[in-house]
Amino acid sequence: MQVDTLKMYSQHLQKQVEIPIYGHYGFVLLMFPALSDSPYIYEENNTIERLKDFLNKGKCRIFAVPSINETTWFTDSISNEEKSKRFLDYNNFIAEELVPQIFAKCNGPVPIITCGASIGGLIAVNSYFRRPDCFYGTIALSGFFNLEFITNYYFDDNCYYNSPIHYLPNLNDSYWLSFLMSKHHVYLLTGSGENEFPGNTEHLAGILREKDIKHHTEIWGPEYGHNFHTWNDMLFYLLNTKL
């Protein structure tokens, strides 16, 4: 399996960013980390190994991007207003800086599906629904979609526009809805075992049904908890049967 690294300086984040890349061809899975900010967490928890056959065959490439939650929402060293601003900066980094770099690395535009588990599921879904002009679809595994869960219920306008269960019900702009209604790759999966809250996935799925936004939702059984065993199985299943 081909392994590479994209190193870039982000003006929005004002720092150097390192993004491991796995695979050599195919559509891009842009993976946001679960349970930490490290882009290597999927490699360290056998996700990459589990998906290596798809990567070796050129079905997809994985770009594993770091997140900034530990220095944003999970720190007491900055104000709530600054946390909100940093999260906006991160969104702009993804859409305005990283996406063009992915296209350059792939020698041209390529379909990008955002993907993440746990808090990474929130960021993946939010990135897609905010910018469906940039992304082909999204995968959320054991996600939650209410930003208030990590803001200690601080909620300014920027938080609102980064909390899918808040802004999606009020999305009526035909321009953006036309993007979302024309696409077919929204996958929402969760287990119902230890530390899983399938109601989060069901809530978002209900909003999408109301908006006639195509999506595929699955609630797996109680043997599937909030862990990498579950998420690795889910990703293998999606790549093997849906993508």
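Presented here is a report on the structure given in the accompanying data block. Just so you know, these numbers come straight off a predicted model, no measurement behind them.

### Description of the overall build of the protein chain
Step number 1: Counting secondary structure elements, the protein chain contains eleven helices and eight strands.
Step number 2: Computed over C-alpha atoms, the radius of gyration of the protein chain comes to 17 Å, within 12% of the 18 Å expected from 2.2 N^0.38 for 243 residues, which places it in the range of a compact globule.
Step number 3: With the C-alpha coordinates aligned to their principal axes, the bounding extent of the protein chain is approximately 45 × 40 × 35 Å.
Step number 4: Contacts in the protein chain between residues at least 24 apart in sequence constitute 71% of all its contacts with a sequence separation of at least 6.
Step number 5: Separation between the mean location of the 18 positive side-chain charges and that of the 27 negative ones in the protein chain comes to 7 Å.

### A few points about the packing of helix α4 (residues 80-105) against helix α5 (residues 119-130)
Step number 1: In the contact formed by α4 and α5, the axes pass within 11 Å of each other and the chain directions differ by 65°. With respect to α5, the element α4 is oriented roughly perpendicular. The element α4 and its partner α5 pack so that their crossing is right-handed. Counted together, F87, L88, Y90 and N91 of α4 and I123, N126 and R130 of α5 form the full contact between these two elements.
Step number 2: Considering only residue class, the contact of α4 with α5 consists of four nonpolar, two polar and one charged.

### Concerning the environment of L243
Step number 1: Relative to the assigned elements, L243 resides in the segment after α11 (228-241).
Step number 2: The spacing of L243 and S38 is 205 residues in sequence and 26 Å in space, taken between C-alpha atoms.
Step number 3: Excluding residues within four positions of it along the chain, L243 makes contact with F27, K59, I113, I139, H185, Y187 and L238.

### A look at α11
Step number 1: Taking 1.5 Å of rise per residue, 14 residues should cover 20 Å, and α11 covers 20 Å from first to last C-alpha, within 8% of that figure.
Step number 2: Restricting attention to buried positions, one finds in α11 the residues F228, T230, W231, N232, D233, M234, L235, L238 and L239.
Step number 3: Residue N227 occupies the N-cap position of α11, its side-chain oxygen lying 3.2 Å from the main-chain nitrogen of H229.

### Let's talk about the sheet that holds strand β8 (residues 216-219)
Step number 1: Reading across from one edge, β1-β2-β4-β3-β5-β6-β7-β8 is the order of the eight strands in this open sheet, with mixed pairing throughout. Bordering the open sheet on either side are β1 (3-10) and β8, each of which pairs with just one other strand. Across the sheet, the mean angle from the axis of one strand to that of its neighbour is 20°, orientation sign disregarded.
Step number 2: Against the sheet, α4 makes contact with β1, β2 (15-22), β3 (27-32), β4 (60-64) and β5 (112-117), and its axis sits at roughly 135° relative to β1, the strand it touches most.
Step number 3: Against the sheet, α5 contacts β3, β5, β6 (137-141) and β7 (186-190), and its axis sits at roughly 155° relative to β5.

### Quick look at the packing of aromatic side chains
Step number 1: As enumerated under the stated definition, the model contains 13 aromatic pairs in all.
Step number 2: Ring plane angle 45° and centroid distance 5.9 Å describe the contact between Y90 and F93, whose orientation is recorded as tilted. Linking Y90 with F93, this pair stays in helix α4, spanning three residues, or about one helical turn. Each member of the pair, Y90 together with F93, is buried.
Step number 3: With a centroid separation of 5.2 Å and an interplanar angle of 80°, the aromatic rings of Y175 and F179 are classed as edge-to-face. In this pair, Y175 and F179 both sit in helix α9 (residues 174-181), four residues apart, roughly one turn of the helix.
Step number 4: On the basis of relative accessibility, which here comes to 46%, the residue Y175 falls in the partly exposed class.
Step number 5: One aromatic cluster is present, formed by Y42, F228 and W231 through successive ring pairs.
Step number 6: The aromatic ring of F236 is capped on one face by R50, whose charged end is 4.6 Å from the ring centroid.

Reading the values: the criteria
- Residues numbered from 1 in each chain as written.
- Predicted model: local features only at pLDDT ≥ 70, side-chain atom pairs only at ≥ 80, totals over all residues.
- Heavy atoms only, no water.
- Helix = DSSP H or I, 4+ residues; strand = E, 2+ residues; numbered from the N terminus.
- Rg over C-alpha atoms; globule rule 2.2 N^0.38 Å.
- Contact = heavy atoms within 4.5 Å.
- Lys, Arg positive; Asp, Glu negative; His and termini not counted.
- Charge placed at Lys NZ, Arg CZ, Asp CG, Glu CD.
- Axes fitted to C-alpha atoms, helices over the stretch in contact; angles between N-to-C directions.
- Parallel < 35°, antiparallel > 145°, perpendicular 65-115°, else oblique.
- Left-handed = near helix turned anticlockwise from the far one by under 90°.
- Nonpolar A, V, L, I, M, F, W, Y, C, P; charged D, E, K, R; others polar.
- Expected span 1.5 Å × (residues − 1).
- Buried < 20%, exposed > 50% of the residue type's maximum accessible area, 1.4 Å probe, protein only.
- Polar contact = N/O pair within 3.5 Å; in protein donor to acceptor, adjacent residues only side chain to side chain.
- Pairing = 2+ DSSP bridges.
- Phe/Tyr/Trp six-rings, centres within 6.5 Å; stacked < 30°, edge-to-face > 60°.
- Lys NZ or Arg CZ within 6 Å of the ring centre and 35° of its normal.

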